[in-house]
Amino acid sequence: MAKVGSTAMFKGLPSSRTWKQAARLNQIAGTPQTAYKFDPKYTKIELLLIQKNVFAPAFGLRRFWRQNLPTLKFHNDDVDFVLTRIATKTKEDLAKCPTKIILHHADGSVQELDCSNKHSNKILKELVALSEAKAVPKEEIPVVKHAGEEL
């Protein structure tokens, strides 16, 4: 049985390279609680994120970008996902920078979701509510089986 190693971004993955890849693919495919399909009326989802890692109000959006966005992209290949990193030079500019998600509709209109000081789970819930996304059924989520994991 393979021991479980720790990586910087994804904790709890197996130490074997092959098993780690299978586990990461399963993380990207998501679960019924994290996998959602957007309505076709949405053409683009844009994240505005501050480039510096030290800005506390952006931590939730940063975690959302790392953990939830790959799953959303996996299940919505017809939607463009764009990350806009904003560079600032002063602390005053840093405080003025928006931390938000912008939903672009096919008709050209936009909706905004403010993500400042919100946890990544709350951001996901609010995005799902705002976009009226549908949960992907468990049967439609692919799972890569690998040794050391019980499914």
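Residues numbered from 1 in each chain as written. Predicted model: local features only at pLDDT ≥ 70, side-chain atom pairs only at ≥ 80, totals over all residues. Heavy atoms only, no water.

Q: Pulling in residues and values, what's your account of the nonpolar core?
A: Ranked by internal contacts, the top residues of the largest apolar core, which has 23 residues, are Phe-38, Phe-64 and Ile-101. Contributions of two or more residues to this core are made by strand E4 (42-50), helix H2 (59-67), helix H3 (69-75), strand E6 (100-105) and helix H5 (120-131). Among residues more than four places away in sequence, those in contact with Ile-101 are Ile-45, Glu-46, Leu-47, Leu-61, Phe-64, Gln-111, Glu-112, Leu-113, Cys-115, Ile-123 and Leu-127. (Core = buried A, V, L, I, M, F, W, Y, C linked by side-chain atoms within 4.5 Å. Buried < 20%, exposed > 50% of the residue type's maximum accessible area, 1.4 Å probe, protein only. Helix = DSSP H or I, 4+ residues; strand = E, 2+ residues; numbered from the N terminus. Contact = heavy atoms within 4.5 Å.)

Q: Explain the pairing of E4 to me, and be specific about the residues and the numbers.
A: For E4, the buried fraction is high: seven of the nine residues fall into the buried class. As judged from the six bridges shared by E4 and E6, these two strands associate in the antiparallel manner. If you follow Leu-47 over to E6, its bridge partner there is Ile-101. (Pairing = 2+ DSSP bridges.)

Q: So what about H2? Which residues, and what values?
A: Within H2, burial applies to Gly-60, Leu-61, Arg-62, Phe-64 and Trp-65. Where H2 is buried, its residues contact E4, H3, strand E5 (80-86), E6 and H5.

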